[in-house]
Amino acid sequence: MKIDSIKVQINPLIPHYGQYDVNKNILMLKHSNLALNSAVVQSFFIHEGVHMGNDVDKIGIVKGVDEEAAGFIAQAIYFRAETGRYLSDPNNNPKINKVFSQANAAAISVINKSSTDI
Ligand SMILES: [Zn+2]
């Protein structure tokens, strides 16, 4: 699958700002007037970008928990870099914040590694 075959659609029925459908190669946006200058929204699309990148590179065989973890950690790293704050759910959902808390911890671990550690 090539990156230019990914389509974008508006779908108000999805539960989040955006969602990538790996089977249809479609990035769905909840609505067309998302606040794209918002670090929260941007970080969400960083997360979806992990899914799209895995799909394009055909490393999507690493499904489920590992891919989701990579998405949340990338999202937390981006949000931290952009805002200096920890990622948290705008709706303060405790289940989502529990996931974000783990992603924040992993993100800080990655951020604090020097380039010579990699
Ligand atoms: Zn995800």
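Here's the deal with the overall build of the protein
- When its secondary structure is counted, the protein shows three helices and three strands.
- Listed N to C, the secondary structure of the protein is β-β-β-α-α-α in terms of helices and strands.
- Sorting the 118 residues of the protein into buried and exposed places 22% on the buried side.
- Long-range pairs, those at least 24 residues apart, make up 51% of the contacts in the protein with a sequence separation of at least 6.

Considering the nonpolar core
- Among the nonpolar cores identified, the biggest contains 11 residues, and these are F72, I73, A74, A76, I77, Y78, F79, L87, F100, A103 and A107.
- At seven residues, helix α2 (residues 65-83) tops the list of elements feeding residues into this core.
- Beyond its immediate sequence surroundings of up to four residues, A107 is in contact with I73, A76, I77 and R80.

Some words on the pairing of strand β3 (residues 26-29)
- Two elements, strand β1 (residues 7-10) and β3, share four bridges in a ladder whose sense is parallel. Within β3, the residue paired with K7 across the bridge is I26.
- Across four bridges, the pairing between strand β2 (residues 18-21) and β3 is antiparallel. The residue bridging Y20 from the neighbouring strand is L27, located in β3.

Re the environment of K2
- With respect to the secondary-structure elements, K2 resides in the segment before β1.
- Look at K2 and you get exposed, because 7 C-beta atoms sit within 10 Å.

Parameters and conventions
Residues numbered from 1 in each chain as written. Predicted model: local features only at pLDDT ≥ 70, side-chain atom pairs only at ≥ 80, totals over all residues. Helix = DSSP H or I, 4+ residues; strand = E, 2+ residues; numbered from the N terminus. Buried ≥ 20, exposed ≤ 12 C-beta atoms within 10 Å, placed from the backbone. Contact = placed C-beta atoms within 7 Å. Core = buried A, V, L, I, M, F, W, Y, C linked by C-beta atoms within 7 Å. Pairing = 2+ DSSP bridges.

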